[in-house]
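A look at the structure
Listed below are the residues making up each chain.
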Amino acid sequence: MNNSESITHDGEIPIYDAVRNLTRDEVEKTVRNNAAARHFDVTDEHLNVIHSLIEHYKQDCKSRDCLAAHEHMRFLEEAYEFKGGGKYLYRLFDAVPGTRGVLMPIHELAGLPTLRLEQDKGFGTAF
């Protein structure tokens, strides 16, 4: 196993540990509070995407590192392909003040730890 696949990284909390005991009500309360602090209106569409991502983390991040962003972005793009995939997701989340992309605002709103590889610095892409 190489370093990028290990479960913990220099004291970072794996995503699974951050979400495993979260309830939908706790997530919604945190998201609404953080959104209000940023003067951002959260809709049911935002909450549905956030809940989908957290369920993905609960199921897929139990036994492996999930701090790299690209696989989670791919999951969301496929899950919301019927609504436009990445274009739909960026339309929803790229407007959150002080953040960029899709995953960064979701993590900020939901109070989740940041992802290690949320930017591809070679291409300047934020997920």
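Since this is a predicted model, take the numbers as computed values, not measurements. (Residues numbered from 1 in each chain as written. Predicted model: local features only at pLDDT ≥ 70, side-chain atom pairs only at ≥ 80, totals over all residues. Heavy atoms only, no water.)

**Quick look at the side chain of His72**
Inspection of the secondary structure assignment puts His72 in helix H4 (residues 69-79). What makes His72 buried here is its relative accessible area of 0%. Every residue in contact with His72, bar those within four places of it in the chain, is listed here: Leu53, His56, Tyr57, Cys61, Cys66, Leu103 and Leu115. (Helix = DSSP H or I, 4+ residues; strand = E, 2+ residues; numbered from the N terminus. Buried < 20%, exposed > 50% of the residue type's maximum accessible area, 1.4 Å probe, protein only. Contact = heavy atoms within 4.5 Å.)

**Some details on the confidence of the model for the protein chain**
On average, the protein chain scores 83 in pLDDT, and the residues at 70 or more come to 80%. Strand E1 (residues 119-120) is the least confidently modelled element of the protein chain, averaging 50 in pLDDT, while helix H2 (residues 24-37) averages 97, the highest of any element. (pLDDT = per-residue confidence, 0-100.)

**Observations regarding helix H6 (residues 103-110)**
Of all eight residues that make up H6, seven are buried, and the element is covered over most of its length. Among all positions in H6, only Leu103, Met104, Pro105, Ile106, His107, Leu109 and Ala110 are buried. Elements that come into contact with the buried residues of H6 comprise helix H1 (15-19), H2, helix H3 (44-60), H4 and helix H5 (86-93). Immediately beyond the C-terminal end of H6, within one or two residues, lies Gly111, with a positive phi of roughly 70°.

**Describing the packing of aromatic side chains**
Inspection of every chain in the model, using the stated rule, returns two aromatic pairs. With a centroid separation of 6.2 Å and 25° between ring planes, the pair formed by Tyr80 and Phe82 is classed as stacked. By relative accessible area, which is 8% here, Tyr80 ends up buried. The exposure class of Phe82 is exposed, given its relative accessible area of 63%. When the ring of Tyr80 is compared with that of Tyr88, the centres are 6.0 Å apart and the planes differ by 25°; the resulting orientation is stacked. Residue Tyr88 is classed as buried on the basis of its relative accessible area of 5%. A network of ring pairs unites the aromatic residues Tyr80, Phe82 and Tyr88 as a single cluster. (Phe/Tyr/Trp six-rings, centres within 6.5 Å; stacked < 30°, edge-to-face > 60°.)

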